[in-house]
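# Fold and contact review
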Amino acid sequence: MSAVPTNDAGNRYLNIAGALEQIGDEGALREMLPMVLDSLQRDVPAITELLTKGDVQGANHLLHPLKGFIPIFCTAELVAKVSEVEFMSKKGDAPMVAAAYATLAPELRVLEAEVAAYLGSPA
């Protein structure tokens, strides 16, 4: 069994230390993360649905803001993956973008679980 790389808090994608460097304090981080969680819970399945329908432009409208906030809260690995899929969604054909997103979506679900666990932990 291969080990999954983790960062400072045992997370694979949620980068608490990096987020705190940018945001300043844990209280502010805990105020912002529910918005991240809401976005992931809402947009990850919505993007899948849009791509299933072949609506790459609609998927791009959801991927673009995701690409905007991911760098604040996440590891460089996930930032690169989200950026790549978002870039593809600007000009790529539906099957190509759908295939790339099918690989990314489970990783966004990992991030979603990490955010939920962090928010559920004591401050």
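Residues numbered from 1 in each chain as written. Predicted model: local features only at pLDDT ≥ 70, side-chain atom pairs only at ≥ 80, totals over all residues. Heavy atoms only, no water.

Before going further, it helps to spend a moment on the packing of helix α2 (residues 26-52) against helix α5 (residues 94-120). Between α2 and α5, whose axes approach to 9 Å, the crossing angle comes to 150°. Taken as axis vectors, α2 and α5 run roughly antiparallel relative to one another. Crossing angle aside, the handedness with which α2 passes α5 is left-handed. Class assignment for the residues of the contact of α2 with α5 results in 20 nonpolar, two polar and five charged. (Axes fitted to C-alpha atoms, helices over the stretch in contact; angles between N-to-C directions. Helix = DSSP H or I, 4+ residues; strand = E, 2+ residues; numbered from the N terminus. Parallel < 35°, antiparallel > 145°, perpendicular 65-115°, else oblique. Left-handed = near helix turned anticlockwise from the far one by under 90°. Nonpolar A, V, L, I, M, F, W, Y, C, P; charged D, E, K, R; others polar.)

Looking now at α5. Between its first and last C-alpha atoms α5 spans 37 Å; for 27 residues at 1.5 Å apiece the expected length is 39 Å, and the two agree. Along α5, the largest kink reaches about 30° and is centred on alanine 102; proline proline 106 follows within four residues of it. Listed as buried for α5 are Ala94, Val97, Tyr101, Leu104, Ala105, Glu107, Leu108, Leu111, Glu112, Glu114, Val115 and Tyr118. Next to the buried residues of α5 lie α1 (16-23), α2, α3 (56-73) and α4 (76-91). Sitting at the head of α5, aspartate 93 places a side-chain oxygen 3.1 Å from the backbone nitrogen of methionine 96. (Expected span 1.5 Å × (residues − 1). Bend = angle between axes of the 7 residues up to and from the residue. Buried < 20%, exposed > 50% of the residue type's maximum accessible area, 1.4 Å probe, protein only. Contact = heavy atoms within 4.5 Å. Polar contact = N/O pair within 3.5 Å; in protein donor to acceptor, adjacent residues only side chain to side chain.)

Moving on to the environment of glutamate 112. The topology assignment puts glutamate 112 in helix α5. With residues up to four places along the chain from it excluded, the contact list for glutamate 112 reads Leu37, Leu40 and Gln41.

Honestly, it's all geometry; don't read function into it.
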